[in-house]
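Analysis of the macromolecular model
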Amino acid sequence: MRKHWRTVLKGAAFVCALCISIRLVWQIMVPKFFFDNAWPTTSAYLGFYQMKEDTVDVLFFGSSHAASFFLPQELYNECGIKGYNLGCEQQNLVVSYYWLKEALRFQKPEAVVLDCYMLFPYNPNEPLNTAESCTRKAFDYMKWSPVKTEAVRTVCSLDENQSLASYYFPNIRYHERWKGLTENDFSFHKMAARYELKGYAPQAVYCGREDFTPFDLADADAEESMVPLMREYLDHIEALCRQEDIRLILVKTPSTAQGPAKSLAIQNYADERGIPFLDFNEKKLYRQTRLNFKTDNCDDGHGNLWGAQKVTRKIGEKLADWYALGGEKDSQWEETKVYYKQIIKDCELPHITDAVKYTKAIQDERYSIFISAKDECTNSLQDAVAENLRNLGLNTDLQGEYGCSYLAVISDGKAAEQCGYLELAAEGTVRDGLVRYEMLSAGNASGNRSSIKIDGTEYSRNSRGLNIAVYNNETKKIVDAVCFDTYDENVPALR
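A brief look at the structure comes next. Just so it is clear, the model here is predicted, and its values are computed rather than measured.

Some points on the pairing of strand E11 (residues 449-454)
Relative to E11, strand E10 (residues 435-443) runs antiparallel, the two sharing six bridges. The residue bridging Ser441 from the neighbouring strand is Ser450, located in E11. Counting the residues between successive antiparallel strands, the hairpin from E10 to E11 contains five residues, one of them, Gly447, with a positive phi of roughly 120°. Bridge count for E11 against strand E12 (residues 457-458) is two bridges, and the pairing is antiparallel.

The following block contains the structure:
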């Protein structure tokens, strides 16, 4: 009898070990989009589950327009309102509805803010109006519960190209992904613990468009038709919010794709149900918010940090005015204030054009800094820049080395540099050996070349002067790449 039980226990142990192994393999194979990605979907959803229950005042939903425009830390800092952004790339209304249902298992928000971009045709060849890969991004990291079971069944019933089995057994969908596994696939838990921005995806670029003009709703001759399935799930979201006594606010962030006909359709829907609609493409609200599409958007429809700050503050003002939200401190947002300031600095760095200010700003222990000279880099090298380079830990007096080649790497509190009149080369690693670099410098006496390759990608501008690349060791991505022409007396910046 004992022998029989030993056999049973061994079998059970084997089955448990096999299940754990399969689970670990699945976790490795499923794609991950953490904070080092432009759209940190995985960080947003896994981070949501780490929030204390019943602490979030406002939940944000929508596509990447929502992810880039709704900034929870700014909402808390300026209005005292605790928010979390559950938007993601191409989030259709089916995904928004089921993530709202999932969120309500853990939070009791006072308000839900929904960006309306996906109400209208985006990808008409797809049954869900969006790419299958984006639907998967949204649901792969939702916890299994009756909500997820219902969600995947609904998705698969609407899209015959998706299968239930691929959700229950992700290796079916991602079995070939082993060819492109990265560091993040093997540092899942460490990466998942970083969710300081609570779903917000910071963008730093200025779109530069001069031709965006906000409109008057009166300009609409007729309303544009919503995608029927999207309209159906907007109804579901509205009904769920009403059932749970949650205020629903419809929003459209600045986008060249909006137009008065779409806005009229949303406004009519909102009026019929007595819910607010904030349209930041409408002239009055656009001007009240002091938006400037050229510098507040990063492209035709996504916000950058500065646009997100403005839009989020205005939404916060409305929430405080309409529903008296805000005022209660919470450590989950208090403790991420410093990180948010660091992200602001990272976004501001690519817009600094003054060499003195720039070389001072990069004196930051979070950064690994790579410098490669090309052609002549000393003629107009200012004393203040030279002093800032010394403060970074560099010792070479470039002001006395006309026409030289020069390389430098500053990382983890250490600095290494080379200076000479032949072509110079260097290679090595930063961030505990995980990020490889290869560099080259040739001054005007040895070929006039510059190269800064980080993990195989070229970041040098290969222009005259000091070519600089800045890598953030914490966010694991390049913050900026610039060349300051330190031969020209004006020391212009080239990006």
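Side note on the sheet that holds strand E1 (residues 58-61)
Strand pairing within a sheet occurs via backbone hydrogen bonds; the two strands may be parallel or antiparallel. Across the sheet, which stays open at both edges, the five strands sit in the order E2-E1-E3-E4-E5 with parallel pairing between neighbours. Edge strands, defined here as strands with exactly one partner in the open sheet, are strand E2 (83-85) and strand E5 (277-279). Direction aside, neighbouring strands of the sheet carry axes that sit 20° apart on average. When strand E3 (residues 111-115) meets strand E4 (residues 247-252), the two strands line up parallel, connected through five bridges.

Describing the packing of aromatic side chains
Under the definition given, this model contains 20 aromatic pairs. Their ring planes at 65° and their centres at 5.9 Å tell us that Phe48 and Tyr49 sit as a pair that is edge-to-face. As far as burial versus exposure is concerned, Phe48 and Tyr49 are alike and both buried. A ring pair is formed by Tyr49 and Phe106, whose centres lie 5.4 Å apart and whose planes are at 80°; its orientation type is edge-to-face. Placement of Tyr49 in the loop between helix H2 (41-48) and E1 and of Phe106 in the loop between helix H5 (93-103) and E3 is noted, with a sequence separation of 57 residues between them. Relative accessible area serves as the criterion here: at 15%, Tyr49 is assigned to the buried category. Feature note: the residues Tyr45, Phe48, Tyr49, Tyr84, Trp99 and Phe106 constitute an aromatic cluster, connected by ring pairs. The ring of Trp144 carries Lys148 above its face, with NZ or CZ at 4.4 Å from the centroid. Above the ring of Tyr269, the side-chain terminus of Arg273 is found at 3.8 Å from the ring centroid.

Side note on the packing of H5 against helix H7 (residues 146-158)
It is the contact of H5 with H7, at a shortest axis distance of 10 Å, that shows an interaxial angle of 170°. Regarding the angle of H5 to H7, the classification is roughly antiparallel. Between H5, through Val94, Tyr98, Lys101 and Glu102, and H7, the contact on the second element is made entirely by Val147, Glu150, Ala151, Thr154, Val155 and Leu158. Residue composition of the contact of H5 with H7, grouped by class: six nonpolar, one polar and three charged.

Observations concerning the layout of surface pockets
Space inside the largest pocket adds up to approximately 690 Å³. Lining the largest pocket are 35 residues, with Pro202, Ala204, Lys477, Ile478 and Val479 positioned closest to its centre. Those elements that provide at least two residues to the lining of the largest pocket are H2, helix H17 (337-348) and strand E14 (477-484). For the lining of the largest pocket, the residue count by class is 19 nonpolar, seven polar and nine charged.

Cut-offs used in this document
Residues numbered from 1 in each chain as written. Predicted model: local features only at pLDDT ≥ 70, side-chain atom pairs only at ≥ 80, totals over all residues. Heavy atoms only, no water. Pairing = 2+ DSSP bridges. Helix = DSSP H or I, 4+ residues; strand = E, 2+ residues; numbered from the N terminus. Axes fitted to C-alpha atoms, helices over the stretch in contact; angles between N-to-C directions. Phe/Tyr/Trp six-rings, centres within 6.5 Å; stacked < 30°, edge-to-face > 60°. Buried < 20%, exposed > 50% of the residue type's maximum accessible area, 1.4 Å probe, protein only. Lys NZ or Arg CZ within 6 Å of the ring centre and 35° of its normal. Parallel < 35°, antiparallel > 145°, perpendicular 65-115°, else oblique. Contact = heavy atoms within 4.5 Å. Nonpolar A, V, L, I, M, F, W, Y, C, P; charged D, E, K, R; others polar. 1 Å grid on protein atoms, 1.4 Å probe; cavity = no way out; pocket = protein on both sides within 12 Å on 5 of 7 lines; lining within 4 Å. Points joined across faces, edges and corners; volume = space filled by probe spheres on them.

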